[in-house]
Amino acid sequence: MTQEELFKSLIAHAKEYGFIFQSSEVYDGLSAVYDYGQLGVELKNNIKKYWWDAMVRLNENIVGIDSAIFMHPKIWEASGHVGAFNDPLIDNKDSKKRYRADVLLEDYIAKLEEKIEKEVEKGKKKFGETFDEAQFRATNPNVLRNRVKADEVTAKMNESLNSGDLEAVRQLIIDCEIACPVSGSRNWTEVRQFNLMFSTQMGSVSEDAGTIYLRPETAQGIFVNFLNVQKTGRMKIPFGIAQIGKAFRNEIVARQFIFRMREFEQMEMQFFVRPGEEISWFEKWKEARLKWHLALGLGESKYRFHNHEKLAHYANAAADIEFDFPFGFKELEGIHSRTDFDLSQHQKFSGKKMQYFDPETNENYVPYVVETSIGLDRTFLAIYSSSYCEEKLENGEDRVVLRLPAFLAPVKLAVLPLVKKDGLPEFARKIMDDLKYDVNCQYDEKDSIGKRYRRQDAIGTPFCITIDHQSLTDNTVTIRYRDSMEQERVPVDNLRKIIEEKVSMRKVLEQI
Ligand code: ATP
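As the structure is a prediction and not an experimental result, all values here were calculated from the model. (Residues numbered from 1 in each chain as written. Predicted model: local features only at pLDDT ≥ 70, side-chain atom pairs only at ≥ 80, totals over all residues. Heavy atoms only, no water.)

Caption draft 1: Quick peek at the sheet that holds strand β3 (residues 62–64). In space, the seven strands of this open sheet follow the order β3-β9-β10-β16-β13-β12-β11, with mixed pairing throughout. Each edge of the open sheet is held by one strand with a lone partner, namely β3 and β11 (303–307). Ignoring strand direction, the axes of neighbouring strands in this sheet form an average angle of 25°. Of the pairings in the sheet, the one linking strand β13 (residues 328–337) to strand β16 (residues 368–375) comprises five bridges and is antiparallel in character. Across the sheet, I335 pairs through a bridge with T372, a residue of β16. (Pairing = 2+ DSSP bridges. Helix = DSSP H or I, 4+ residues; strand = E, 2+ residues; numbered from the N terminus. Axes fitted to C-alpha atoms, helices over the stretch in contact; angles between N-to-C directions.)

Written out as structure tokens, the structure is:
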């Protein structure tokens, strides 16, 4: 199965089992907006708790807030979003399709890179053990030609995007002979800047001042509350403020399922530090955040850092944690050293001081900020896609299993009476009524036991227990483990301990 086919089947699986639905599906859907179903919301809540506990509960100097989505419109002028939160757009005149000009060029560069890798693979096959990859890359004419072209286009693209020369961006698309994937033509419009913020009206519709925005990031709600939290919480620098909440972006290229949505959730933490200490905190947070990811157990090779060489005007260091999604390595989390840009801008635009008096140095200053910003939906997709597995069993049967980290599984325990009579359902209910206070349980008495196991495998339930006639006499049940499919007979009294041992979030948090 190709990666593309696998991705398609995991999207279908997410719908079939109530994880994720297309928004407004009965009206043919709303593009790049999704709803989380009955199991999706459980998994999402568990991810949020893992992040919140790791950031807020385990760090005495980090506290959380929950700020409103609507904010004063001046905030977005101060932050630079009104002026510069833009994507360069281009339309194909024949298909009437709209594209991000930078994405068209990036896809073109990616194709050149692909050609290079294919050539190297061919060389490997041809020369076998004597293959010298470095020499091949340095001398093969096809590799060299594509390398020069890729570097040239990348450099020109960066230069024209950074200088805001949109005509040069268009010319580059034409020079590279990039055609619209739908119409196949190269009949392009001008490139225009398109602001990604959604706007709406508050109060009187006619007044211009009534225009407000749906926040495109949660961070600004933290910046404008910096002094409220610092003073009321008696926080001393260094300290952090964390928040989980919705953000909205009118994304042009909205594809790849929940990877790029128009309404999504972020988990952000702004860490306020002394000026001059930001780079060492940036390094510490990079390391701490990677540890958080690795403790999920999805595999070290799934992650890599991408350090930004081109920095945004407000940053003096930035790195992404990228994840190996079914469509390749892409940004999952950003860690940015944002200097004193945001607080200084709010000081300027609001006319209110955003300073901190440092009792240790007897100085007043605008703190510097290191932020960690992760997409909740992208984390969901990372965990979900790397847990999804289609297996062929020894007996020839197929099974689909979600090998979710047990502590995140939506349902931790399935309680299954072997038959629907002889007092087995009542016995099963009694166990469930006790354990439901500890973990999310699901009761199921329909269909054969094999079918019920498959249903639980498909939603990632780490444990199933089966109640049979013997249970009534010796108070034991059969426990079956999702990953190994092994079964063992255990006393009912031991169940809580066995389950909690495996699904404990504490154990995972202790690793980070
Ligand atoms: P990208 O380059 O992929 O558009 P970004 O650099 O604009 O992302 P940030 O502004 O740094 O993203 O936002 C922080 C995090 O929020 C990202 O790492 C990502 O996980 C998440 N995020 C951003 N945009 C979206 C979106 N449209 N849909 C889902 N998650 C998003």
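Caption draft 2: Representation of the packing of aromatic side chains in the model. With the rule as written, the count across this model stands at 26 aromatic pairs. Both rings, one in F7 and one in F257, keep their centres 6.4 Å apart while their planes meet at 75°; by these two values the pair is edge-to-face. In this pair, F7 is assigned in helix α1 (residues 3–16) and F257 in the loop between β9 (239–248) and β10 (263–273), connecting sequence segments 250 residues apart. Taking relative accessible area as the criterion, F257 reaches 8% and is therefore assigned buried. Following the ring pairs from residue to residue traces out a cluster consisting of F7, Y34, F257, F259, Y303, F323, F325 and F327. The ring centre of F259 lies 3.7 Å from the NZ or CZ of R378, which sits over that ring. (Phe/Tyr/Trp six-rings, centres within 6.5 Å; stacked < 30°, edge-to-face > 60°. Buried < 20%, exposed > 50% of the residue type's maximum accessible area, 1.4 Å probe, protein only. Lys NZ or Arg CZ within 6 Å of the ring centre and 35° of its normal.)

Caption draft 3: Structural detail: the pairing of strand β12 (residues 317–325). Counting buried positions along β12 yields eight of nine residues, so the element is predominantly enclosed. Examined bridge by bridge, β11 and β12 share five bridges and lie antiparallel to one another. Within β12, the residue paired with H306 across the bridge is D320. In this antiparallel pair of consecutive strands, β12 and β13, the connection spans two residues.

Caption draft 4: Main features of the environment of E129. One can find E129 in the loop between α5 (101–127) and α6 (133–139). In this structure, the C-alpha to C-alpha distance between E129 and D422, residues 293 residues apart in sequence, is 68 Å.

Caption draft 5: Broad picture of the domain arrangement of the protein chain. Domain boundaries assigned for the protein chain yield domain 1 (1–83 + 196–390), domain 2 (86–193) and domain 3 (393–510). On a C-alpha basis, the centres of domain 2 and domain 3 stand 51 Å from each other. (Domains from an automatic or database assignment.)

Caption draft 6: Spatial organisation of the sheet that holds strand β4 (residues 86–91). The three strands are arranged β5-β4-β6 in an open sheet whose pairing can be described as antiparallel. Either end of the sheet is taken by a strand with one partner, and the two such strands are β5 (98–100) and β6 (192–195). Strand-to-strand twist in this sheet, taken as the mean axis angle between neighbours without regard to direction, amounts to 45°. Summarising the sheet, β4 and β5 pair through three bridges and their orientation is antiparallel. Paired with L89 across the bridge in β5 is R100.

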